[in-house]
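Here is what each chain is made of, one letter per residue.
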Amino acid sequence: MKHRIAVAAIAAAALVAVACQDQDGGARRLATEPGSTSPEQGTRYVTTGVAAVVDRVTHRLQAVAPSSPSASASVVAANGSPDAVTISNGAPGIANSGGQRISSFVDASSHRHTVSMLYSSVGGPPAAVQHYVDGVLVSTNAFSWQRTSTGWVRTGSLLRVVRKGTLVGTYTTVTTPAPVGKGGGSKPTLRLQGPVAPTALQRAIGSAAYHLAFVFAPQDATAQSLAWSACSQFWLRYAAAAAVVVGLEVAMADMPVITAFILAQFGSALSLLAAAEDQLLDCVLSHQPSSTDNWSSGMGSGAGSGAGGGSDGTKDCLQGSYAAHCTTAFTL
Amino acid sequence: MSSARGRQTFVIGTTLAIVMASIALALPAGASMRHAISPQLPLIVLVSGTLIGAWQLVTGIIGAIANGGVRASDAVPLSLGVSALFMALACLPSDRDAVPHLYAVVGAAIFAVAAAVLQRRSGVRPEL
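Residues numbered from 1 in each chain as written. Chains lettered and ligands numbered in written order. Predicted model: local features only at pLDDT ≥ 70, side-chain atom pairs only at ≥ 80, totals over all residues. Heavy atoms only, no water.

A. Structural view of the overall build of chain B. For chain B, the helix and strand inventory stands at five helices and zero strands. N-terminal to C-terminal, the α/β element order of chain B is α-α-α-α-α. Buried residues in chain B amount to 35% of all 128 residues. Counting contacts in chain B only where the partners sit at least 6 residues apart, residues at least 24 apart contribute 59% of the total. (Helix = DSSP H or I, 4+ residues; strand = E, 2+ residues; numbered from the N terminus. Buried < 20%, exposed > 50% of the residue type's maximum accessible area, 1.4 Å probe, protein only. Contact = heavy atoms within 4.5 Å.)

Okay, structure coming up:
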């Protein structure tokens, strides 16, 4: 028994050590934040971005410098991190088929953010993401992905910033592989802080720590709002509330006399359990991926009867459109 | 019916009733009822939990003082009182989270289980 505990402690310490080593940064890390190198050894990527805002007079897009005072805050903010994005196999947010996934949270200012991820019929990372604040669409983001042996690399993105249903700015990125040893000319290079040569053992341990980090210690808002952990807090509350009920139940069973007060406390525990169950069910229902049929019906009348994610009626939604038939389901 | 069998029947019957009610609320047919009662649940827990918690705590303290020390029979209401107060605390509204707070619910569970253990160790058995 002692040996098992010792082995488990050593294994846990090794995982923690690797995970902490990953936090130091560098290309070898396997953090939950977007990295700038692909999982494949030696591959570097260069991402270029172009920001544009809609001219109020001509109503046409005009390219702006990232620091231009005429650019909206959202566009400039997006321009601040032109990194490539790599997503590994099995990461949260990866779908097996077409559909949509909705996550929501309330920020410190009591504004409710809803993020709707739209997936193409082949699955993979989301093809488009819609961001709503208090039920109002504020931006859409369309992505193009390239499959690699270990995941996906984002090859392009188009961010559309919308205010009151009107486009106010865009930010477009293009990511291309750069040969090793060449910085990509005048294009902004990405963070490359160490040699990319992990051993097989390092990669295996790092991968295990990476997936454990996703489960137990999500490090950014994306990780916290995706995967099973989205409802884990609600589930834990429900389990704890059930433990309260069971504890009181057993105590009541052993009591010589069951008073009205203990019955009232039992009723309170049942109410707490019901409240926790209500929150858990709401969370689970809001995170259920829609089926193909639900996708078509959920995207308004323009969806038609085509297959999910690939029909003519929803193709523009996957390309980041903010048209009414792409957003009506969330703004009503 | 023996007391042991009576306790067993009580626990099993109550558990089954709770499970059935929980499943009924999770079904589509129970969705309307769930949405109708859910806004009132935190208020019920907050008010009744505070009252019962205070009552149990005072009862336990009085019993401990009267007996010149905390016995198992006095610790039961103390644990139940703390558990009830934790339940009420879990349902206090906050700016960041509108759902029951996890740590408070866990605290309520710990003290409820402790109360059950203390009740069993006190040696007093019901006559059901």
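B. Here's a closer look at the pattern of salt bridges. Summed over the entire model, instances satisfying the criterion amount to one salt bridge over all chains. Between R120 of chain B and D254 of chain A there is a salt bridge, with the nearest N and O atoms lying 2.8 Å from each other. Here R120 of chain B is found in helix α5 (residues 102-121), whereas its partner D254 of chain A is found in helix α5 (residues 232-254) on a different chain. Here R120 of chain B falls in the partly exposed class, since its relative accessible area comes to 45%. What makes D254 of chain A buried here is its relative accessible area of 0%. (Salt bridge = Lys/Arg side-chain N within 4 Å of Asp/Glu carboxyl O.)

C. Structural context of the side chain of S139 of chain A. Residue and element names in this part refer to chain A. Of note, S139 is situated in strand β7 (residues 136-147). Take S139: its relative accessible area is 14%, and that puts it in the buried class. Sequence-distant contacts of S139, that is, excluding residues within four places in its chain, are made with V129, Q130, H131, L159, R160, V161 and V162.

D. Region of interest: the packing of helix α3 (residues 41-67) of chain B against helix α4 (residues 72-90) of chain B. All names here are of chain B. At a minimum axis distance of 7 Å, the contact between α3 and α4 shows a crossing angle of 155°. It follows from the interaxial angle that α3 and α4 lie roughly antiparallel. With respect to the hand of their crossing, α3 and α4 are arranged in left-handed fashion. Among the residues making up the contact of α3 with α4, the classes are represented as 15 nonpolar, eight polar and one charged. (Axes fitted to C-alpha atoms, helices over the stretch in contact; angles between N-to-C directions. Parallel < 35°, antiparallel > 145°, perpendicular 65-115°, else oblique. Left-handed = near helix turned anticlockwise from the far one by under 90°. Nonpolar A, V, L, I, M, F, W, Y, C, P; charged D, E, K, R; others polar.)

E. Main features of the interface of chain B and chain A. Counting residues at the interface gives 47 residues for chain B and 41 residues for chain A. Its largest share of buried area at the contact with chain A, chain B owes to R34, M87 and L102 of chain B, together 15% of the area lost on that side. At the boundary of chain B with chain A, the tally comes to one salt bridge. One can count six residue pairs in polar contact (both at pLDDT 80 or more) joining chain B with chain A. Those elements giving two or more residues to the side of chain B that touches chain A turn out to be α1 (3-26), α2 (31-37), α3, α4 and α5 of chain B. If you tally residues by element for the side of chain B that touches chain A, the top one is α5 of chain B, at eleven residues. In the side of chain B that touches chain A, the residues fall into 30 nonpolar, eleven polar and six charged. (Buried area = accessible area lost by both parts, 1.4 Å probe. Polar contact = N/O pair within 3.5 Å; in protein donor to acceptor, adjacent residues only side chain to side chain.)

F. Region of the structure containing the packing of α5 of chain A against α5 of chain B. The contact between α5 of chain A and α5 of chain B brings their axes to 8 Å, and the two run at 20°. Relative to α5 of chain B, α5 of chain A is oriented roughly parallel. Between α5 of chain A and α5 of chain B lies a crossing whose hand is left-handed. In contact with Q233, L236, R237, A240, A241, A243, V244, G247, L248, V250, A251 and D254 of chain A of α5 of chain A, α5 of chain B contributes L102, V105, V106, A108, A109, A112, V113, A115, A116, Q119 and R120 of chain B. Classifying every residue of the contact of α5 of chain A with α5 of chain B by side-chain character gives 17 nonpolar, three polar and three charged.

All quantities given are derived from atomic positions and should not be read as evidence of function.
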